[in-house]
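Listed here are the chains, written in short residue letters.
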Amino acid sequence: MSARIFIPGDAAALAVGADDVAATFSAAAQAKGVSLDIVRNGSRGLYWLEPMVEVETAQGRIAYGPVEAEDVSALLDAMLAGEPHPLLLGPTEDIPWLKRQTRLTFARCGIVDPRSLDDYRAHGGYKGLERALALGAEATVEEVVQSGLRGRGGAGFPTGIKWRTVAGTSADQKYIVCNADEGDSGTFADRMIIEGDPFVLIEGMTISGIAVGATRGYLYIRSEYPHAVAMMEAAIRTAREAGYLGHAVAGSAFDFDMEVRVGAGAYVCGEETALLESLEGRRGVVRAKPPLPAHKGLFGKPTVINNVISLATVPIILAEGADAYRDFGMGRSRGTMPIQIAGNVKHGGLFEIAFGVTLGELVDEIGGGTASGKPVRAVQVGGPLGAYFPRALFDTPFDYEAFAGKDGLIGHGGIVVFDDTVDMAKQARFAMEFCAIESCGKCTPCRIGSTRGVETVDKIIRGDEREKNLVVLEDLCHTMKFGSLCALGGFTPYPVMSALTHFPEDFGAQAPVLAAVR
Amino acid sequence: MIVVNSYEPWSAARAAEIIAAHTGGEGPALPILHAIQAAFGYVPEAVEPMIAEALNLSRAEVHGVVTFYHDFRRKPAGRHVLKLCRAEACQSMGANTLVARAEAALGIALGGTTADGLVTLEPTYCLGLCATAPSAMLDGRVVGRLNESRLDRLVAEAQR
Ligand SMILES: Cc1cc2nc3c(=O)[nH]c(=O)nc-3n(C[C@H](O)[C@H](O)[C@H](O)COP(=O)(O)O)c2cc1C
Ligand code: SF4
Ligand code: FES
């Protein structure tokens, strides 16, 4: 007897025992005399069900989860006999949580063997590059402009416009830099796609290089992601051997090659100019703009710097056409967003859907409420620089402008759920503390203000001249917001002020103290 | 499965070899520092003038780089390095209590190394495992859905 099963090699699946499960499957198969082909796929993103094991059948893939090592022997028997098992989830594609999604960027993630270039190609890989080569550089840039794709790293700047600027420069060397620093708590989309479908990022960077005339690429991955680093390095070697990187990419007239660089635990290095400094081997201190990286970026050369998800979305835009992508979404937020639902949530994971879904749908319906079973009290959207939202704002649609309109941001698309045991004054304190730890030190409001912020919140918590210190905190936030060079100092006021505005009772304040800082 | 960090004793000759192996590419400072730390478990002060000379930088510049990044240790690490995530998603699942528990069990604060040199306890700010929080990393091995008993086992493992 033989069977093919899928056990994710994704870091989060490993963190909950996927390697153990895989080893136990191998041993059980051997004991039962079954020849088992175990594929270590990426995660489908249904993390509460990890480790989720799938078996290939004539009716498609069937999922089971969450699987523990002690379940394996009986589970293997049930799989082979096609009999029911308590962990049976049914055909993977029919799981409602997955079915409700629109998987464009993550179309292959969790499905293919991430180490296999053949598998990548068999599932539509390199169709985008093929079309880009047929269109030519200029039309490729225009296709990305037309798609409406905006940067998924946080700032939401139109990707095509950035590319147009770099394409319009002339230089002996241009660079493509991919930002895989993914420092925001509650986010893991970059990690997941790198571990589950690394070739899509190579293809996206290659298309970008050809479109703007860059021959070298760097992928800056944070050091907290050793599995992603290993997967990407392996994929780059494979692509190079197959002629998809290096001289005359895919037999075309273009050269493009890339390498991985590993960060060193500094959150601020996710900021694009600090990242460039770090790549050049210096302290990750933010550069003043102008000049823009598009004009003077890495080593002073014109540089496209984009987030992993922005670049990994380019292949499908080219393959399916700008209009097909643009048709999804609302307002000026076009296409889909891989939303990451995390923290104290029942159904946490990666949910890719067109812009426009409301925060309430995401938290209550899709997320299923808290993991603890207690009421949801607050959700932080967009990482450590994002605002805390109370239930009263759950009708906000997931859209760049709608979130900005509520003094928040969608950032890289992470949502962290908190139950009613959360102390929002402590969360505000942490926001200031994090800013103090991670500040690059260039501007005083950020460097000194954040430390003063921690002290001030401490005084408020202690009840030490509370009314006066609430005003001090508000002033501090104002100074940081307007006196900081980058969003670390500039946006730390979002979590602080949103906590204070929406949850004044946690600060011992009598009435809603103030409107958000504007 | 216990992975023991076995670092090499400091050797200037070995450091020179590592530096030479990385000076070819563009912007080699971080790759060199990572390789030095991988070999010795930390970035010894004695390596700074060597890197400075190889990269044509001042010693102060190299020192500035080493001290800027949280990853680079100035002192030798313990035999095991246990990192606990204390970012928001992990906080929402009780990370702060777990950090305090680990500190108490080991008798050290975050950032410290036990007197017997066995365990270094470090904070980390998100491992990208936020949907299976709280999270930890022991010598490069990731651990999710931490609770008190899982943490206790992890701490015990680190003390071996
Ligand atoms: C403090 C700070 C941290 C950031 N971290 C990241 C990050 O981890 N990943 C990322 O893609 N962008 C991050 N950004 C945004 C980048 O500066 C930049 O806007 C982005 O890489 C551009 O790519 P995109 O247009 O594709 O989003 C950060 C910005 C700031 C101010
Ligand atoms: S706001 Fe903070 S992190 Fe940003 S440039 Fe200023 S000091 Fe550096
Ligand atoms: S916040 Fe702890 S793993 Fe992301």
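Residues numbered from 1 in each chain as written. Chains lettered and ligands numbered in written order. Predicted model: local features only at pLDDT ≥ 70, side-chain atom pairs only at ≥ 80, totals over all residues. Heavy atoms only, no water.

Taking an unreviewed UniProt entry as the reference, chain A is identified by name as Formate dehydrogenase beta subunit belonging to Kaistia terrae. Its UniProt record, at the heading Sequence similarities (unreviewed entry), says of chain A: "Belongs to the complex I 51 kDa subunit family." In the Cofactor (unreviewed entry) part of its UniProt record, chain A is described as follows: "FMN". (UniProt positions renumbered as here; feature names shortened; annotations may be inferred.)

Trainee: What am I meant to see in the overall build of chain A here?
Mentor: The helix and strand inventory of chain A stands at 21 helices and 16 strands. In terms of overall dimensions, chain A is globule-like: its C-alpha atoms have a radius of gyration of 24 Å, near the 24 Å expected for 518 residues. With the C-alpha coordinates aligned to their principal axes, the bounding extent of chain A is approximately 75 × 60 × 40 Å. The 518 residues of chain A split such that 61% are buried. Here the contacts in chain A between residues at least 6 apart in sequence split such that 70% fall between residues at least 24 apart. Accessible surface computed for chain A: about 18,000 Å², of which carbon and sulfur atoms make up 52%. Placing the 49 positive and 64 negative side-chain charges of chain A at their respective mean positions leaves the two points 6 Å apart. (Helix = DSSP H or I, 4+ residues; strand = E, 2+ residues; numbered from the N terminus. Rg over C-alpha atoms; globule rule 2.2 N^0.38 Å. Buried < 20%, exposed > 50% of the residue type's maximum accessible area, 1.4 Å probe, protein only. Contact = heavy atoms within 4.5 Å. Areas by Shrake-Rupley, 256 points an atom, 1.4 Å probe, with all protein chains shown as cover. Lys, Arg positive; Asp, Glu negative; His and termini not counted. Charge placed at Lys NZ, Arg CZ, Asp CG, Glu CD.)

Trainee: Would you take a moment to explain the layout of surface pockets for this structure?
Mentor: With a probe scaled to a water molecule rolled over the atoms, the places where space remains empty come into view. All names here are of chain A. Estimates place the volume of the second largest pocket at around 1,400 Å³. Lining the second largest pocket are 50 residues, with Gly-153, Gly-154, Ala-155, Gly-156 and Ala-487 sitting closest to its centre. Residue assignment for the lining of the second largest pocket shows that the elements contributing at least two residues are α8 (159-167), β9 (303-307), α16 (400-405) and α20 (487-491). Here the residues of the lining of the second largest pocket are counted per class, giving 20 nonpolar, 18 polar and twelve charged. (1 Å grid on protein atoms, 1.4 Å probe; cavity = no way out; pocket = protein on both sides within 12 Å on 5 of 7 lines; lining within 4 Å. Points joined across faces, edges and corners; volume = space filled by probe spheres on them. Nonpolar A, V, L, I, M, F, W, Y, C, P; charged D, E, K, R; others polar.)

Trainee: Just to check I follow, could you spell out the domain arrangement of chain A for this structure?
Mentor: Size of an interface, as often reported, equals the accessible area lost when the parts are brought together. Residues and elements named next belong to chain A. Once the domains are mapped, chain A shows domain 1 (2-99), domain 2 (117-326), domain 3 (329-419) and domain 4 (424-507). Each of domain 2 and domain 4 was reduced to a C-alpha centroid, and the two centroids are 34 Å apart. Residue-level contacts link ten residues of domain 2 with seven residues of domain 4. Buried area between domain 2 and domain 4, both sides added, is near 690 Å², and the carbon and sulfur share of it is 74%. Of all residues in domain 2, the largest losses of buried area upon contact with domain 4 belong to Tyr-267, Val-268 and Val-286, amounting jointly to 62% of the total for that side. Along the contact surface separating domain 2 from domain 4 lie zero salt bridges. The interface formed by domain 2 and domain 4 contains two residue pairs in polar contact (both at pLDDT 80 or more). Class assignment for the residues of the side of domain 2 that touches domain 4 results in six nonpolar, two polar and two charged. (Domains from an automatic or database assignment. Buried area = accessible area lost by both parts, 1.4 Å probe. Salt bridge = Lys/Arg side-chain N within 4 Å of Asp/Glu carboxyl O. Polar contact = N/O pair within 3.5 Å; in protein donor to acceptor, adjacent residues only side chain to side chain.)

Trainee: Explain the interface of chain A and chain B to me, please; I cannot follow it from the model alone.
Mentor: In this assembly, 62 residues from chain A lie in contact with 36 residues from chain B. Buried area between chain A and chain B, summed over both chains or domains, comes out near 3,600 Å², and the portion from carbon and sulfur atoms is 57%. Considering only the side of chain A, the residues that lose the most area to chain B are Ala-264, Arg-283 and Phe-430 of chain A, jointly responsible for 16% of the buried surface there. Our enumeration of links across chain A and chain B arrives at two salt bridges. When the shortest N-O distance is used, the salt bridge between Glu-26 of chain B and Arg-216 of chain A registers 3.4 Å. Contributions of two or more residues to the side of chain A that touches chain B are made by α1 (11-15), β7 (216-221), α11 (226-241), β8 (257-262), α12 (272-279), β12 (336-343), β16 (414-419) and α17 (424-438) of chain A. Among the elements that line the side of chain A that touches chain B, the one with the most residues is α17 of chain A, at six residues. Here the residues of the side of chain A that touches chain B sort into 33 nonpolar, 17 polar and twelve charged.

Trainee: Is there a simple way to think about the packing of aromatic side chains in this case?
Mentor: How two aromatic rings sit relative to each other is given by the distance of their centres and the angle of their planes. Residue and element names in this part refer to chain A. By the definition in use, this model includes 20 aromatic pairs over all chains. Between Tyr-175 and Phe-299 the ring centres are 6.0 Å apart and the planes differ by 55°, which places this aromatic pair in the tilted class. Within this pair, whereas Tyr-175 is found in strand β6 (residues 175-180), its partner Phe-299 is found in the loop between α12 and β9, the two being separated by 124 residues in sequence. A residue is classified by how much of its surface remains accessible, and Tyr-175, at 3% relative accessible area, is buried. (Phe/Tyr/Trp six-rings, centres within 6.5 Å; stacked < 30°, edge-to-face > 60°.)

Trainee: Looking at this model, I keep getting lost on the site of ligand 1. Mind explaining?
Mentor: Residues and elements named next belong to chain A. Gly-153, Glu-272, Asn-306, Asn-307 and Ser-310 are the nearest of the 19 residues found near ligand 1. Asn-179 is positioned such that a nitrogen or oxygen atom in its side chain is 2.9 Å from an oxygen atom of ligand 1. At 3.2 Å from a nitrogen atom of ligand 1 is found a main-chain nitrogen or oxygen belonging to Gly-270. Burial of ligand 1 by the protein amounts to 92% of the accessible area it has alone, namely 610 Å². In this structure the site holding ligand 1 corresponds to the second largest pocket. (Near = heavy atom within 4 Å. Sits in = over half its atoms within 2 Å of the grid points.)

Trainee: I would appreciate a short explanation of the packing of α17 of chain A against helix α18 (residues 444-462) of chain A in the present structure.
Mentor: Axis angle and axis distance: for two packed helices, these are the angle between their axes and the distance between the axes, and together they describe the pair. Residue and element names in this part refer to chain A. For the pair α17 and α18, interaxial distance at closest approach is 8 Å and the crossing angle is 155°. When the axes of α17 and α18 are compared, the pair comes out roughly antiparallel. Here α17 runs over α18; the crossing is left-handed. Seen from α17, the contacting residues are Ala-425, Lys-426, Arg-429, Met-432, Glu-433, Cys-435 and Ala-436; seen from α18, they are Cys-446, Gly-449, Ser-450, Thr-451, Gly-453, Val-454, Val-457, Asp-458 and Ile-461. Partitioned by chemical class, the residues of the contact of α17 with α18 number eight nonpolar, four polar and four charged. (Axes fitted to C-alpha atoms, helices over the stretch in contact; angles between N-to-C directions. Parallel < 35°, antiparallel > 145°, perpendicular 65-115°, else oblique. Left-handed = near helix turned anticlockwise from the far one by under 90°.)

Trainee: Would you take a moment to explain the sheet that holds strand β2 (residues 35-39) of chain A for this structure?
Mentor: Where strands meet in a sheet, backbone hydrogen bonds hold them as pairs that are either parallel or antiparallel. Residue and element names in this part refer to chain A. Strand order in this open sheet of five strands is β2-β1-β3-β4-β5, and the pairing throughout is mixed. Among the strands making up the open sheet, the edge pair consists of β2 and β5 (88-91). Strand-to-strand twist in this sheet, taken as the mean axis angle between neighbours without regard to direction, amounts to 25°. Across five bridges, the pairing between strand β3 (residues 53-57) and strand β4 (residues 60-64) is antiparallel. The partner of Thr-57 across the bridge, within β4, is Gly-60. Docked against the sheet, helix α2 (residues 18-32) engages β1 (2-6), β2 and β3, running at close to 165° with respect to β2. (Pairing = 2+ DSSP bridges.)

Trainee: Explain the pairing of β8 of chain A to me, please; I cannot follow it from the model alone.
Mentor: Looking along a regular strand, one sees the side chains alternate between the two faces of the sheet. All names here are of chain A. Direction of pairing for β7 relative to β8: parallel, over a ladder of six bridges. Residue Tyr-218 lies in a different strand from β8, and its bridge partner there is Glu-259. One crossover worth recording links β7 to the parallel β8 by way of α11, and it is right-handed. (Right-handed = clockwise from strand over helix to strand, strands pointing away.)

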